[in-house]
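Chain residues, written in single-letter form:
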Amino acid sequence: MFYRITRAIALFIFAALIIVPSMVVVFGSFKSDLEIYDRPLLPPIDWTLANYKRLFADSAIEQNFLNSIIVTGFSVVLTLVLASLAAFGIARMVNVTGKVLFVLFSLGLAIPAATNIIAIFQLFVQLKLNNSLTGLVLINIASTLPIAIFILTAFFRQVPSEMYEVASIDGAGPVRLYQSIALPLSKPSMGAVAIFLFVITWNDLLFPLLLITQQDKKTLPLAMLDFRGEYSISFSMIFTAVMVASVPMVIMYLLMQRTFIAGLTAGAVKG
Amino acid sequence: MLPAFFIYAALYLYPVLSNFRYALTKWDGIVEPEFVGLRNLQNLFTNDDLFLKVFGNNLEFTFLVVIFQTAFSLLFATYLIKNTRGSIALRTLYFFPTVLSSVSVAMIWLFLYDPNYGGINVVFNKIGLDAFALNWLGSETSALRAIAFTQVWFHTGQMMVVYIAGLQQIPQELFEAAQVDGASRWQQFKAVTWPMALPTTAVVMAYTTIQSFRAFDLVYAMTQGGPNNSTNIFVTLVYLTAFNEFRFGYAAMQSIILVFFILGLTALQKRILKERY
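Residues numbered from 1 in each chain as written. Chains lettered and ligands numbered in written order. Predicted model: local features only at pLDDT ≥ 70, side-chain atom pairs only at ≥ 80, totals over all residues.

Trainee: Looking at this model, I keep getting lost on the overall build of chain A. Mind explaining?
Mentor: Regarding its fold elements, chain A presents 14 helices and zero strands. Seen along its three principal axes, the alpha-carbon backbone of chain A occupies a region of about 75 × 65 × 30 Å. Scored against the burial criterion, the 271 residues of chain A give a buried share of 45%. (Helix = DSSP H or I, 4+ residues; strand = E, 2+ residues; numbered from the N terminus. Buried ≥ 20, exposed ≤ 12 C-beta atoms within 10 Å, placed from the backbone.)

This is the structure:
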């Protein structure tokens, strides 16, 4: 009995801790600043779209949104293609080269990108890749390749080598083996990795902050920081921006819960 | 295969190495770096109170986050281990913050922690507990803890899912045998769940530790290390030293210390793991 009551209370508190702040944001995006300060936790008295209108009129949020889509799309697709090819190669190479490459890529897992911001910044300035979406895509690829390769190599190593051998006897070359065996089999893992990459790239602040200063090149998380002014904060604008940045992700999460949870925990545990 | 390695080597491995070169210079990021040998390292350890403070902050932050995040995620995993409809719905809800961006999370909590208008203080004032209505992010004593709480809120659901996967591997017979022996829930937890879940606990703690060292986004978006550096942690220190103070060489040296610290911590955790299993 005691167990059931404490369990119910704990579950309720944590649920409330997630639902209430989320509702504050949802409600807040339909309220005036005055009402947000007056009744922070309650639904708006008059629902208004004024914040959304102002956000789209006064800020570059459409551009930021588009930049986020471009950067995330290219980063995720290119990382997946490169990582799956590399992982396939590493998994099939039982010689020294394969091992060395695997160790080198694993090194990237041990050293988080956040510790190299100075050298990365300088390199990108020298290459004139700062303030460029291409630069952002490139650093995203470079920094997410290790984890993607790590997960996919582990997967490709599980594929029984007999499957490849049989195909090789039938005269299939490496390209054919990759296309017809490795790729179709790895679909679920690729899906999980794709979601993982998608979420971390879409939400990333560090690299945009490091490389982008030009207003029209900013991605959503970076642009959102600007709403936090030096002296004043307009929470109605912030909440509306949070809605615009989060709603696509939340809808995808609700539609593909299993893949999201699998992808994000796999990425976490193996990284 | 080759293109992947080329991009990775040029844009990731090369900066790791050039970081060492920068660390030996005095450099404002604009004019040519001036070689100063190990002076940065010397200053860091003998002449830098801020570095020590940040080190302490980071340890406190990591400690708080690891303890509470692990405890809560294990607690909720044991509560929600059965695949019933209600459990699955709650798991989905608890996991939800994980898909938000750290900037969004930072903004939400920036508002909730607001001393005058924020949701937390409004509630405390309404129920007459005015004494609890602190200036959460504005005071040196509470700011770091407030961010640690946000970090736990952010990622407990994710670690809970890791735990659930681990706990579901435990053979059901062990619990049944314990029940036959008349073990209480707490005794079952102590005798079966905890020891059987140790490998998962190790994974959760290791990941949470690394995650807490990477909490740049949250700190930068919420307090930028303030007030009075009370929330400044390693990664924010490196960023602020380089991009606010324009001391790139010194910041590079700081980041190298951070790399070695993280590598050491990871190696230590791996060793402890190996000894146990």
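Trainee: Can you walk me through the nonpolar core in this structure?
Mentor: General note: in soluble globular proteins, nonpolar side chains tend to be found buried as a group. Ranked by internal contacts, the top residues of the largest apolar core, which has 155 residues, are A:Ala83, A:Leu145, A:Ala148 and A:Ala241. Considering each element in turn, this core owes the most residues, 16 residues, to helix 7 (residues 133-158) of chain A. Two domains each put at least three residues into this core: domain 1 (2-48) and domain 2 (60-270) of chain A. Setting aside residues no more than four positions away along its own chain, A:Leu145 makes contact with A:Thr79, A:Leu82, A:Ala83, A:Phe105, B:Ala4 and B:Tyr8. (Core = buried A, V, L, I, M, F, W, Y, C linked by C-beta atoms within 7 Å. Domains from an automatic or database assignment. Contact = placed C-beta atoms within 7 Å.)

Trainee: Explanation requested: the interface of chain B and chain A in the structure shown.
Mentor: In this assembly, 63 residues from chain B lie in contact with 62 residues from chain A. Considering every element that reaches the side of chain B that touches chain A, the biggest residue donor is helix 1 (residues 2-23) of chain B, with 13 residues. Of the residues contributing to the side of chain B that touches chain A, the split by class is 48 nonpolar, twelve polar and three charged. (Nonpolar A, V, L, I, M, F, W, Y, C, P; charged D, E, K, R; others polar.)

Trainee: Can you help me understand helix 5 (residues 102-112) of chain B in this one?
Mentor: Since one α-helical turn is 3.6 residues long, residues separated by three or four positions face the same way. Buried residues dominate helix 5 of chain B, accounting for eleven of its eleven residues. Buried within helix 5 of chain B we find B:Ser102, B:Val103, B:Ser104, B:Val105, B:Ala106, B:Met107, B:Ile108, B:Trp109, B:Leu110, B:Phe111 and B:Leu112.

Trainee: Help me out: how do you make sense of the domain arrangement of chain A in this one?
Mentor: Interface size is commonly expressed as the accessible surface area that is lost when the partners come together. Residues and elements named next belong to chain A. When the domains of chain A are assigned, the result is domain 1 (2-48) and domain 2 (60-270). Here the C-alpha centroids of domain 1 and domain 2 sit 33 Å apart. Across the boundary between the two partners, domain 1 contributes eight residues, which contact seven residues of domain 2. Taken together, the elements giving at least two residues each to the side of domain 1 that touches domain 2 come down to helix 1 (2-28) and helix 2 (33-38). The element best represented in the side of domain 1 that touches domain 2 is helix 1, accounting for three residues. Residue classes in the side of domain 1 that touches domain 2 are distributed as three nonpolar, three polar and two charged.

Trainee: Is there a simple way to think about the environment of B:Arg91 in this case?
Mentor: Residues and elements named next belong to chain B. Turning to its location among the elements, arginine 91 is positioned in helix 4 (residues 85-95). Sequence separation between arginine 91 and methionine 159 is 68 residues, and the spatial gap between their C-alpha atoms is 11 Å. Sequence-distant contacts of arginine 91, that is, excluding residues within four places in its chain, are made with Leu80 and Val161.

Trainee: Sorry if this is basic, but what is going on with the packing of helix 1 of chain A against helix 3 (residues 49-79) of chain B here?
Mentor: The angle between the axes and the distance between the axes are what describe a pair of packed helices. Closest axis-to-axis distance for the helix 1 of chain A/helix 3 of chain B pair is 11 Å, and the angle between their directions is 120 degrees. When the axis of helix 1 of chain A is compared with that of helix 3 of chain B, the two are oblique. Between helix 1 of chain A and helix 3 of chain B lies a crossing whose hand is left-handed. Here helix 1 of chain A contributes A:Arg7, A:Ala10, A:Leu11 and A:Phe14 to the contact with helix 3 of chain B, which in turn contributes B:Leu75, B:Phe76 and B:Tyr79. Here the residues of the contact of helix 1 of chain A with helix 3 of chain B sort into six nonpolar, no polar and one charged. (Axes fitted to C-alpha atoms, helices over the stretch in contact; angles between N-to-C directions. Parallel < 35°, antiparallel > 145°, perpendicular 65-115°, else oblique. Left-handed = near helix turned anticlockwise from the far one by under 90°.)

Trainee: It is not clear to me how the environment of A:Thr153 should be interpreted in this structure. Could you clarify?
Mentor: Residue and element names in this part refer to chain A. Considering the arrangement of structural elements, one finds threonine 153 in helix 7. On a C-alpha basis, the gap between threonine 153 and phenylalanine 102 in space is 8.9 Å, while along the polypeptide they are 51 residues apart. Apart from residues no more than four positions distant in its own chain, threonine 153 is found in contact with Ala87, Ile90, Ala91 and Phe102.

Trainee: How do you make sense of unusual backbone geometry when you look at a structure like this?
Mentor: Note on backbone geometry: most residues besides glycine have negative phi, and most peptide bonds are trans. The phi dihedral of A:Asn131 is positive, around 55 degrees, even though this residue is not glycine. Inspection of the secondary structure puts A:Asn131 in the loop between helix 6 (117-126) and helix 7. Phi at B:Asn229 is positive, roughly 60 degrees, even though this residue is not glycine. With respect to the element layout, B:Asn229 can be found in the loop between helix 11 (216-222) and helix 12 (234-243). The class for B:Asn229 is partly exposed, based on 18 C-beta atoms found within 10 Å.

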